Amino acid sequence: MTDTPVSNVLLVTVDSLRADAIEPYGGEYDTPALADLADRSTIFENAFAHGNWTPMSFPSILASRPAFADTGRIGVDGTTTLAERLQEAGVATGGFNAANGFLTEHWGYDDGFDHFEAFVGDTDGRASEFVAAHPTWGAWLQLLTSPFRRAGNFLRGGSDEKPFTDASRMLDIEREATSFIDDTDEPFFLWVHYMDAHTPYVPAPRYLRDLTDRNVGTFRMMVAHVRTGLGWSVGDRTLADLRTLYQAAVRQVDASLERLLTELDDAGVGDDTAVVLAGDHGEEFMDHGHLSHYPKLYDELVHVPLLVHVPGTEPGRVSEHVGLDAIPPTVCELLGVDPADEWTGESLLPTIRGGTAPVTDPVISVAVRGDDVTQQPIPRGLDEGDLLVSARETDWVYIQNTATGTEELYDRRADPTQQSDRSDDGDPSVVAVRDRLRAAVGDHVATLDAVEPGGAAADVDDGIETRLKALGYR
């Protein structure tokens, strides 16, 4: 390790967080903590996830490696993780995941953490177990009990700052993260992962009241849950209600982030702590005909926020494209630790501190699609379906189904929602772009084809299975 002005790093990842869901990326939303963080940060305007959902994206975030690149399976068992690298260098490490079953010991995500908790299979009695398996019921319970909770808090002289039912395990990770900050000497690396913005969107009523009519708004949101849960058609009103639920969940994360950043200041380490915040992937609201994050590689699922606050560094905006595999080497350089040799990402610190342009290689993202686009099984490896691979630059995105050879090409400047496929465009400049990005996809596929399979993955335990089914995975 070498001396640097930064002693600690807080990495905040938010599941299903679209870039346009927060203020710094043009969304007109009430996210004051994120807005304040952005005012002090370098904002990467074109940051891209390396997959459409958590198991495809997170190997890059915590190990700077593509999904499937080491064992042919999801997870990080076959490589050096960020936490392992830091732990070896004497950095205290803590990781707290709000019950995403894909980010557990089962897939190696505890590797290198001195303190790790995923809150999977950790329920308190039958009622809590039922809510864990059926989180939409948690929304109704919060709605029905909210008036009594507010009245009780008022009579006790308390506040209404925190939700009553911790359906997203947000309060659990807050508690563990706060304890880690209070009990750990510098230097430290702390990772927290929020699940509030993931389906089925169960924000506390107080955050819905901020966005809707106080009398009927919350009830209407619950009706939207029922309609989508029963598979009814999604009209404009239901879609708007789902977006409101989602934005209320993002606002809930914002409030938690504010408390966490305040804790850093109260512990006397705020000025010594760099903060990195990213979405692990986005979320679709009928942008291409579906909800949630089914196996597709359009911008609504791949374009994510990336904010990096380094104390003592001027804030700014970076328009060039970057991938989330840059996070591990950036964190290492902030803490004066050498990155692992096998990592694919490059540190963004020269860009943040000195204005150096990031590397220009296209950002590669992957998805695995089964027989139907809405099939979302608990994946094991590449043999679960067709491999979709995209190559992205700031101005263009190319997508290929490697099993069928189907291609798509979109101009992100003229067509930001990717509705007009230009893969057959004969314009020489467009052909040159297509061929360049096609070659990048081909190189990535060749890399995956060369991987020696590491054997079949073990079956997940009942707690992980229950949690994944609650999130919509079968």
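Here's what I pulled together on the structure shown here. Predicted model, so just to flag it, every value in this text is computed and none were measured.

### Quick word on the sheet that holds strand E12 (residues 363–369)
Right, on to step 1. Spatially, E12-E13-E14-E15 is the arrangement adopted by the 4 strands of the open sheet, whose pairing is antiparallel. Among the strands making up the open sheet, the edge pair consists of E12 and strand E15 (407–411). On average, adjacent strands in this sheet sit at an angle of 15° to one another, irrespective of strand direction.
Right, on to step 2. Of the strands in this sheet, E12, strand E13 (386–392), strand E14 (396–401) and E15 are in contact with helix H13 (residues 428–449), which crosses E14 at around 50°.

### Comments concerning the side chain of Arg434
Right, on to step 1. Looking at the element boundaries, Arg434 is found in helix H13.
Right, on to step 2. A polar atom in the side chain of Arg434 sits 3.2 Å from the side chain of Asp435.

### Focus on helix H1 (residues 32–39)
In an α-helix, one turn spans 3.6 residues; hence positions three or four apart end up facing the same way.
Right, on to step 1. Along H1, the residues that are buried comprise Ala33, Leu34, Ala35, Leu37 and Ala38.
Right, on to step 2. Contacts from the buried residues of H1 go to strand E2 (42–48), helix H9 (236–266), strand E6 (273–279) and strand E10 (306–309).

### As for the side chain of Ser41
Right, on to step 1. Mapped onto the fold, Ser41 is located in the loop between H1 and E2.
Right, on to step 2. Looking at Ser41, its side chain comes within polar contact range of the main-chain oxygen of Leu37, at 2.5 Å.

### Observations concerning the packing of aromatic side chains
Right, on to step 1. If you walk through the whole model with that rule in mind, you get 11 aromatic pairs.
Right, on to step 2. A centroid spacing of 6.4 Å and a plane angle of 65° characterise the contact between Phe96 and Phe180, whose relative ring orientation is edge-to-face. Of the two residues, Phe96 sits in strand E3 (residues 92–97) while Phe180 sits in helix H6 (residues 170–183), which places them 84 residues apart along the sequence. With respect to class, Phe96 is no different from Phe180; both count as buried.
Right, on to step 3. Judged by centre distance (5.8 Å) and plane angle (35°), the ring pair of Phe113 and Phe116 falls under tilted. Side by side, Phe113 and Phe116 carry an identical accessibility label, which is buried.

### A few points about the pattern of salt bridges
Right, on to step 1. Taken as a whole, this structure holds 22 salt bridges when the rule is applied.
Right, on to step 2. With its nearest N and O atoms 2.8 Å apart, the salt bridge here joins Glu393 to Arg436. Taken as a pair, Glu393 in the loop between E13 and E14 and Arg436 in helix H13 lie far apart in primary sequence, 43 residues in all.
Right, on to step 3. Residue classification places Glu393 among the buried residues on the basis of a relative accessible area of 12%.
Right, on to step 4. For Arg436, a relative accessible area of 40% corresponds to the partly exposed category.
Right, on to step 5. Among the ionic contacts, a cluster of salt bridges with common partners joins Asp395, Asp411, Arg413, Arg422 and Asp425.

### Points about a negative patch on the surface
Right, on to step 1. A contiguous patch of negative charge on the surface is contributed by Asp182, Asp183, Asp265, Asp266 and Asp271.
Right, on to step 2. Elements with a minimum of two residues in the negative patch: H6 and H9.
Right, on to step 3. By secondary structure assignment, the location of Asp271 is in the loop between H9 and E6.

### Some words on the pairing of strand E5 (residues 188–194)
Right, on to step 1. With 7 of 7 residues buried, E5 lies mostly within the body of the structure.
Right, on to step 2. Burial of E5 is two-sided: the residues Phe188, Leu190, Val192 and Tyr194 facing one way and the residues Phe189, Trp191 and His193 facing the other way are all buried.
Right, on to step 3. The sheet contact formed by strand E1 (residues 8–14) and E5 spans 7 bridges and is parallel. Across the sheet, the residue bridging to Val14 is Tyr194, located in E5.
Right, on to step 4. Here E3 pairs with E5 via 6 bridges, running parallel. Residue pairing for E5: Gly94 is matched across the bridge by Leu190.

### Regarding the nonpolar core
Right, on to step 1. If you look at the biggest cluster of nonpolar residues, it comprises 68 residues, and the most contacted ones within it are Val9, Phe44, Leu86, Phe189, Trp191, Leu306 and Ile327.
Right, on to step 2. In this structure Trp191 touches Leu11, Thr13, Phe58, Leu62, Gly94, Gly95, Phe96, Asn97, Leu103, Phe113 and Phe116, once residues within four positions along its chain are discounted.

### A closer look at helix H11 (residues 327–334)
Right, on to step 1. Burial of H11 is extensive: 7 of the 8 residues sit out of reach of the surface.
Right, on to step 2. Within H11, the full set of buried residues consists of Ile327, Pro328, Pro329, Thr330, Val331, Cys332 and Leu334.
Right, on to step 3. Gly336, located one to two residues past H11, shows a positive phi value of around 70°.

How each quantity is defined
- Residues numbered from 1 in each chain as written.
- Predicted model: local features only at pLDDT ≥ 70, side-chain atom pairs only at ≥ 80, totals over all residues.
- Heavy atoms only, no water.
- Pairing = 2+ DSSP bridges.
- Helix = DSSP H or I, 4+ residues; strand = E, 2+ residues; numbered from the N terminus.
- Axes fitted to C-alpha atoms, helices over the stretch in contact; angles between N-to-C directions.
- Contact = heavy atoms within 4.5 Å.
- Polar contact = N/O pair within 3.5 Å; in protein donor to acceptor, adjacent residues only side chain to side chain.
- Buried < 20%, exposed > 50% of the residue type's maximum accessible area, 1.4 Å probe, protein only.
- Phe/Tyr/Trp six-rings, centres within 6.5 Å; stacked < 30°, edge-to-face > 60°.
- Salt bridge = Lys/Arg side-chain N within 4 Å of Asp/Glu carboxyl O.
- Patch = residues over 30% accessible without salt bridge, like charges linked within 9 Å, V, L, I, M, F, W, Y side chains within 5 Å.
- Areas by Shrake-Rupley, 256 points an atom, 1.4 Å probe, with all protein chains shown as cover.
- Lys, Arg positive; Asp, Glu negative; His and termini not counted.
- Charge placed at Lys NZ, Arg CZ, Asp CG, Glu CD.
- Core = buried A, V, L, I, M, F, W, Y, C linked by side-chain atoms within 4.5 Å.

Purely geometric stuff here, so don't read any function into it on its own.
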